[in-house]
Structure formats: structure tokens, C-alpha cells
Number of protein chains: 2
Amino acid sequence: MNLNEEVEVLKGVPIFSKIEPAKLKLIAFTGERMTFGTGQEVCHQGDPGDSMYVILGGVADVLIDTPSGQLQVAQLKKNGFFGETAILCDAPRNATIKASDSLVTLRISKDMFYRLVTEVPTVAIEMMRELAHRVEDANQKLREANKAA
Amino acid sequence: MNLNEEVEVLKGVPIFSKIEPAKLKLIAFTGERMTFGTGQEVCHQGDPGDSMYVILGGVADVLIDTPSGQLQVAQLKKNGFFGETAILCDAPRNATIKASDSLVTLRISKDMFYRLVTEVPTVAIEMMRELAHRVEDANQKLREANKAA
């Protein structure tokens, strides 16, 4: 895929949707495109992490360790992102991410991440929006779990 | 409190900590300082919301409606913030916030919020950091609730 095609793909990703073409080229150029086969791990719970990933294609399983083994807690699809918590909170990976099917991701390093959200406020706003939705979703599930208990 | 004293107070708030003094003056000048007495509501679950609040002093109870009445799910303290979800997700207030004690807040309008995170990337980064922690906390509680069920 050449740079212009890559830019077209990135335009479809909500957190990048409002970025001007020149900045998208920068992301396409500096981000590392990675492909994973079915069952292959992108990152492992507990490992240190210095990058986040945007899903350009395919599906990823989100797995967490439990006393009785790995438990799938979510699935992430095209245009989703993961790994930002390790960057933002300076914490180890909070889940294992595994390709459920063939998976294509754009890996964004910590440095690039901070450069992006600093230079392109719309990326920061779209990420805040997604994080606020995740807080809402998790709290909603928590209310239901407490109701059922 | 004069503008310089207000700037000193804002410097102590983590999401504003890395902002240059001129920008802090802008926040102090445009943000609306509001004081609530014990038991007084800052916002009510289900209402439309077009502002967020930073707690400059006091404690606020976070209450949600349940079939058996209001349930306190959290307490927010000095330097905490709330109300950002209504702005970011264009959603009604997801909880009722009530002054647990005398409460002093800085009300930041939606327009000011977007101006702030656009002009001052560190505010966006600190907010993303806090939101990422909230996702983590909620997921952690969810895991525990599911374990107990």
C-alpha cells in the first residue's frame, strides 16, 4: 500500500477523521503497520507498553487473566484502538490482545502519541470522547452487575 | 479572591498544573466560580448538560438513580472534575452531583472546554490520563463484581 492509499485508510478512522492530509501523511509515515495472524498476540497482560494501536482491519480479542485462566472480556473491531492506557497511566498492559482473525494495526509509539495529541487537538478530543464512552459503558455494566448480585 | 489568588488555586489542580500563567488567567477569568451549600445539587441525572466542573474545595457526592432510590456511587474531592461526559458524549447528565459539605467549583462551559483542550494540549493529556484511570477503575470493580457473583 502506498502512502496515499494509507492516508485514505486513516481518513476512515474516527480519531483521525478531522486531521488535515499533511498530518495524516505524517501518521501514515511514522506509524508502523503490523499484521497479525489468527491467534497471534499483539501484547500481553502485565508486559510494559510504550505504544498504542489502531485497528485498520480485522478483529482483536481482549483477554484478561483470571484464576481459572484467560477470559475474553471484549472484542475490538476496525477503527477501534487499544493500548493507550499503558501510555497515559505509565502502567503495564492491562489486558492481552490477540488477533481473532487476521488483524492489521497501526502501531503508534508513545512519543508519536504525545506529538499527535499535542499538535492535533482533534485527535485528543476524539480520544477523550471514546474514553468517556468507555467509562460510561463500564459503569453501566457495573450497575447491572450490582443489580444482579 | 482576586485574579492572582485564583490563578494560584488553579495551579494546584492537576489538569491545569502545566498551563502557563497567561492561560491560567484566562481560565480564572472565564470560568465561573460557584459555591454550593451542604446537600445542594450541582447537576441532576438526566438533565441536559453544557458544562463541566472542577472542584476547588469541598467534597461532592456522586449519586445515581436506582429502582429503590438514589445510590451514592462515589465521592469527588478537591482537584477532581466532573460533568465532562455530557460535553464529550453529547449525553444527559449521567449522575446527580450534590455538595456533601460546602463545595466550591469552577464551572467551565462547553465552548471554553473545547477552546481549552484545543489551545492547551496538556489539559487534554491530563484529562485523557484521568479518563484512562477511570476506565481502569471501573473495569477493576467490574471484574471483582463478576468474581463475587
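Everything numeric in this text was worked out from a predicted model, so none of it was measured. (Residues numbered from 1 in each chain as written. Chains lettered and ligands numbered in written order. Predicted model: local features only at pLDDT ≥ 70, side-chain atom pairs only at ≥ 80, totals over all residues. Heavy atoms only, no water.)

## Focus on the interface of chain A and chain B
Rules: Note on definitions: a residue-residue contact is assigned when non-hydrogen atoms from the two residues lie within 4.5 Å. Two parts lose some accessible area (1.4 Å probe) when they are put together, and adding that loss for both gives the buried area. For the purposes of this entry, the term helix denotes a DSSP run of H or I that reaches at least four residues, the term strand denotes a run of E that reaches at least two, and both are numbered from the N terminus. Under this grouping Gly is polar, as are all residues other than the nonpolar Ala, Val, Leu, Ile, Met, Phe, Trp, Tyr, Cys and Pro and the charged Asp, Glu, Lys and Arg.
The interface of chain A with chain B comprises 28 residues on the first partner and 28 residues on the second. Of the roughly 2,700 Å² buried between chain A and chain B, counting both surfaces, carbon and sulfur atoms make up 76%. For the chain A face of the interface with chain B, the top three residues by lost area are Leu 88, Met 128 and Leu 142 of chain A, together amounting to 20%. Elements with a contribution of two residues or more to the side of chain A that touches chain B: helix 3 (84-88), helix 4 (110-119) and helix 5 (121-148) of chain A. For the side of chain A that touches chain B, the leading source of residues is helix 5 of chain A, giving 19 residues. Grouping the constituent residues of the side of chain A that touches chain B by class yields 17 nonpolar, six polar and five charged.

## As for the environment of Glu 119 of chain A
Mapped onto the secondary structure, Glu 119 of chain A falls in helix 4. Taking the C-alpha atoms as reference points, Glu 119 of chain A and Lys 23 of chain A, separated by 96 residues in sequence, lie 9.1 Å from one another.

## Here's the deal with the packing of aromatic side chains
Residues and elements named next belong to chain A. Our working rule: Only Phe, Tyr and Trp rings take part, Trp by its six-membered ring, and two of them pair if their centres are within 6.5 Å. Stacked means planes under 30 degrees apart, edge-to-face means over 60, and tilted covers everything else. Burial classes: relative accessible area under 20% of the type maximum marks a residue as buried, over 50% as exposed, and values in between as partly exposed (1.4 Å probe, protein chains only). Whether a charge sits over a ring comes down to the Lys NZ or Arg CZ being within 6 Å of the ring centre and within 35 degrees of the ring normal.
With the rule as written, the count across this model stands at four aromatic pairs over all chains. A centroid spacing of 5.2 Å and a plane angle of 15° characterise the contact between Tyr 53 and Phe 82, whose relative ring orientation is stacked. Residue Tyr 53 is located in strand 3 (residues 51-57), and its partner Phe 82 is located in strand 6 (residues 81-82); the two are separated by 29 residues in the primary sequence. The same class applies to Tyr 53 as to Phe 82, namely buried. The ring centre of Phe 81 lies 4.5 Å from the NZ or CZ of Arg 134, which sits over that ring.

## Let's talk about the sheet that holds strand 1 (residues 32-36) of chain B
All names here are of chain B. Rule in force here: For two strands to be treated as a pair, DSSP must find at least two bridges joining them.
The sheet built from four strands is open, its strands ordered 1-8-3-6 with antiparallel pairing. The outermost strands of the open sheet, each flanked by one partner alone, are strand 1 and strand 6 (81-82). The pairing of strand 3 (residues 51-57) with strand 8 (residues 103-109) spans six bridges and is antiparallel. By the bridge assignment, Tyr 53 is partnered in strand 8 with Arg 107.

## Considering the sheet that holds strand 3 of chain A
Spatially, the four strands line up as an open sheet ordered 1-8-3-6 (chain A), and their pairing is antiparallel. Because the sheet does not close on itself, it has two edges, and the strands there are strand 1 (32-36) and strand 6 of chain A.

## Some remarks on the pattern of salt bridges
Residues and elements named next belong to chain A. Note the following rule: A side-chain nitrogen of Lys or Arg and a carboxyl oxygen of Asp or Glu constitute a salt bridge if their distance falls within 4 Å.
Per the stated rule, a full pass over the model turns up 20 salt bridges over all chains. With a closest N to O distance of 3.0 Å, Arg 134 and Glu 84 form a salt bridge. Remark: Glu 84 occurs in helix 3 and Arg 134 occurs in helix 5; sequence separation between them is 50 residues.

## Some words on the relation of the copies chain A and chain B
Heads up, the condition is: Here the copies are matched by least squares. The fit uses the C-alpha atoms of residues with pLDDT of at least 70 in both.
Under the fitted operation, chain A is carried onto chain B by 0.0 Å of movement along the axis and a turn of 180°, and the coordinates agree to an RMSD of 0.0 Å. On this basis, the relationship between the two copies can be described by a two-fold rotation axis. Here 100% of the contact residues of chain A are again contact residues in chain B; the copies associate through an equivalent surface.

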